[in-house]
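Geometric and topological summary
The lines below spell out each chain.
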Amino acid sequence: LGEIGGIWVYRPEEVDMRVHSSCYEHLKTNTFRDQTAFSDYPMPPDYPNFPSISKYVFAPVPHCSFYLAYLILKQILAYLNAYTDHFGVRKFIRFHTKVVKAEPIRKEEGEDESTLVWRVTTQSMGSEKGEGDIETGEYDGVVVANGKHT
């Protein structure tokens, strides 16, 4: 998709995409706001307790006299984008890129010292008719962004 949001990006008009979200119009989470948030960046306190992708939905709670309010899609996307920008990680994200290979390697630094680094080979997804460039680099760490929130 080429943007932050993972499953929370919903575009019903894009039905023939090479990469797509498994999101549907009325998707909502089954976890509380504070459980959905990343531990180092809480969701705003004015967000309802249950995040959702649809419009505000008020759901009755069995055997209780109150309703739970769900978040709208724009709030989830705003939170994920705010998190990305707060920690300055957007500049490190490569959209439209697949990992071909990731392998740990030891770099010898001296007689008794070595460092573990990751050799990662990526390929840009290129155009619809073909694959793009292949690159290999070495990194101190690897983050697996499988699309749930990315």
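Look up a bit, the structure's there.
One structure accompanies this document, and this report is about it. Note that the structure is predicted; figures quoted are calculated from it, not measured.

Next up on the list: the overall build of the chain. Broken down by element type, the chain carries two helices and five strands. Listing every helix and strand of the chain by position from the N terminus yields α-β-β-α-β-β-β. By the burial criterion, 29% of the 150 residues in the chain qualify as buried. Excluding contacts between residues fewer than 6 apart, the proportion of contacts in the chain whose partners are at least 24 apart in sequence is 40%.

This paragraph deals with the sheet that holds strand β4 (residues 114-124). The strand order across the open sheet formed by three strands is β3-β4-β5, and the pairing between neighbours is antiparallel. Every other strand in the sheet has two partners, leaving β3 (97-108) and β5 (134-139) as the edge strands with one partner each. The mean angle between the axes of side-by-side strands here comes to 20°, regardless of whether they run parallel or antiparallel. Judged from the eleven bridges that link them, β3 and β4 form a sheet pairing that is antiparallel. Bridge pairing in β4 places T97 opposite S124.

Applying the stated criterion to the full structure yields six salt bridges. Of the charged contacts in the structure, one is a salt bridge between R33 and D34, with a shortest N-O distance of 3.0 Å. The exposure class of R33 is buried, given its relative accessible area of 13%. The exposure class of D34 is exposed, given its relative accessible area of 55%. As a salt-bridge pair, K107 and E138 come within 2.9 Å of each other at their nearest N and O atoms. Of the two residues, K107 sits in strand β3 while E138 sits in strand β5, which places them 31 residues apart along the sequence.

Cut-off values and rules
Residues numbered from 1 in each chain as written. Predicted model: local features only at pLDDT ≥ 70, side-chain atom pairs only at ≥ 80, totals over all residues. Heavy atoms only, no water. Helix = DSSP H or I, 4+ residues; strand = E, 2+ residues; numbered from the N terminus. Buried < 20%, exposed > 50% of the residue type's maximum accessible area, 1.4 Å probe, protein only. Contact = heavy atoms within 4.5 Å. Pairing = 2+ DSSP bridges. Axes fitted to C-alpha atoms, helices over the stretch in contact; angles between N-to-C directions. Salt bridge = Lys/Arg side-chain N within 4 Å of Asp/Glu carboxyl O.

Purely geometric stuff here, so don't read any function into it on its own.
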